Amino acid sequence: MVLDLKQIFDITGEKKSFDYSLDLSDYPFYGTKPFVTPVHIAGDVQNRAGVVNLSYTVQFTLKLACDRCLCEFFRDYEKSFSAVVVRDENTDHDEYAVAPDSMLDMDALAVSDIVLDLPSKQLCSEDCKGLCPVCGKDLNHEICQCQQHEIDPRLKVLGDLLK
Ligand SMILES: [Zn+2]
Ligand SMILES: [Zn+2]
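Since the model is a prediction, treat every value here as computed from it, not as a measurement.

**A few points about the coordination of the zinc ion (ligand 2)**
Consideration 1: The protein atoms that coordinate the zinc ion (ligand 2) are C132 (SG), C135 (SG), C144 (SG) and C146 (SG), at distances of 2.3 Å.
Consideration 2: One can describe the site at the zinc ion (ligand 2) as tetrahedral: its 4 donor atoms subtend angles covering 106 to 112° at the metal.
Consideration 3: Summarised as a motif, the one-chain spacing of the donors to the zinc ion (ligand 2) is C-x2-C-x8-C-x1-C. Taken as a pair, C132 in the loop between helix 2 (106–117) and helix 3 (146–149) and C144 in the loop between helix 2 and helix 3 lie far apart in primary sequence, 12 residues in all.

**Side note on the coordination of the zinc ion (ligand 1)**
Consideration 1: Protein-derived ligands of the zinc ion (ligand 1) are C66 (SG), C69 (SG), C124 (SG) and C128 (SG), with the metal-ligand distances lying across 2.3 to 2.4 Å.
Consideration 2: One can describe the donor arrangement at the zinc ion (ligand 1) as tetrahedral, given that its 4 donor atoms subtend angles of 107 to 112° at the metal.
Consideration 3: Mapping the donors of the zinc ion (ligand 1) onto the primary sequence gives the spacing C-x2-C-x54-C-x3-C. Here the residue C66 occupies a position in the loop between strand 4 (51–65) and strand 5 (72–86), and C124 occupies one in the loop between helix 2 and helix 3, the gap between them amounting to 58 residues.

**Looking at the packing of aromatic side chains**
Consideration 1: Counted under the stated rule, the structure contains 5 aromatic pairs.
Consideration 2: Relative to F35, the ring of Y27 lies with its centre 6.0 Å away and its plane at 80°, an arrangement referred to as edge-to-face.
Consideration 3: Ring centres 4.5 Å apart and planes at 65° place the aromatic pair F29 and Y30 in the edge-to-face group.
Consideration 4: A connected cluster of aromatic rings, assembled from ring pairs, spans Y27, F35, F60 and Y77.

**Let's talk about the state of the cysteines**
Consideration 1: Tallied over the entire structure, the rule returns 0 disulfides.
Consideration 2: Residue C71 stays outside any disulfide, its sulfur separated by 3.4 Å from that of C69, the closest cysteine.
Consideration 3: We classify C71 as partly exposed; its relative accessible area is 27%.

**Describing the pairing of strand 3 (residues 39–48)**
Consideration 1: Counting buried positions over the 10 residues of strand 3 gives 7, a clear majority of the element.
Consideration 2: Where strand 2 (residues 15–22) lies against strand 3, 8 bridges are found, and the strand directions are antiparallel. Residue pairing in the sheet places S21 in a bridge with H40 of strand 3.
Consideration 3: By the bridge criterion, 9 bridges tie strand 3 to strand 4 in an arrangement that is antiparallel. Note on strand 4: the bridge partner recorded for V45 is L54.

**Quick notes on the environment of I8**
Consideration 1: Here I8 shows up in helix 1 (residues 6–10).
Consideration 2: In this structure I8 comes out as buried when scored by relative accessible area, which is 2%.
Consideration 3: Not counting chain neighbours up to four residues away, the residues in contact with I8 comprise E14, K15, K16, V45, Q46, N47 and V52.

**Focus on the pattern of salt bridges**
Consideration 1: In total, this model carries 7 salt bridges according to the counting rule given.
Consideration 2: Between D10 and R87 there is a salt bridge, with its nearest N and O atoms 3.9 Å apart. Remark: R87 occurs in the loop between strand 5 and strand 6 (96–98) and D10 occurs in helix 1; sequence separation between them is 77 residues.
Consideration 3: With a relative accessible area of 39%, R87 lands in the partly exposed category.

**Some details on unusual backbone geometry**
Consideration 1: One non-glycine residue, Y30, lies in the positive phi region at around 55°.
Consideration 2: Tracing the backbone through its elements, the reader meets Y30 in the loop between strand 2 and strand 3.
Consideration 3: Relative accessible area serves as the criterion here: at 28%, Y30 is assigned to the partly exposed category.
Consideration 4: The phi torsion at L70 lies on the positive side, around 70°, for a residue other than glycine.

Thresholds, definitions, all that
Residues numbered from 1 in each chain as written. Chains lettered and ligands numbered in written order. Predicted model: local features only at pLDDT ≥ 70, side-chain atom pairs only at ≥ 80, totals over all residues. Heavy atoms only, no water. Donors = N, O, S within 2.8 Å, 3.2 Å for Na, K, Ca; no water. Tetrahedral: all angles 85-135°; square planar, octahedral: opposite > 155°, others 65-115°. Helix = DSSP H or I, 4+ residues; strand = E, 2+ residues; numbered from the N terminus. Phe/Tyr/Trp six-rings, centres within 6.5 Å; stacked < 30°, edge-to-face > 60°. Disulfide = S-S within 2.5 Å. Buried < 20%, exposed > 50% of the residue type's maximum accessible area, 1.4 Å probe, protein only. Pairing = 2+ DSSP bridges. Contact = heavy atoms within 4.5 Å. Salt bridge = Lys/Arg side-chain N within 4 Å of Asp/Glu carboxyl O.

Next comes the structure, spelled out in structure tokens:
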């Protein structure tokens, strides 16, 4: 959605609300297309004493593969963002959202805010045990024998001395 903010820029106190869904089902991220539900975007833009403020909330569900154990899982997100909107494309202020000719590309802004906010790695749970590097078993569900065959480092030093 592109928001026409001409009136908002021109009239102090003016406010505009928006509420829509954005389909990102083809958007690639994490090496897959994780946006399995439409992204719900709702917020408002308001001219407060001559400064145009945007605040909005996004809600979506990601289908992810755990970075450690590779299992698939779903994660719900709800995030809020805000920015000052300016018309000057030459602003060097990163926190400003730019609306050339008073037109704000809300889709592009939401996508970049979401992507910057998501962690680079996703785990099914904070204490995911991952896969055994030797036999590949999922250590969250199975216990393998591999770990037990590893030699205690202290004993290894002793073994090396006896060689
Ligand atoms: Zn996991
Ligand atoms: Zn193993």
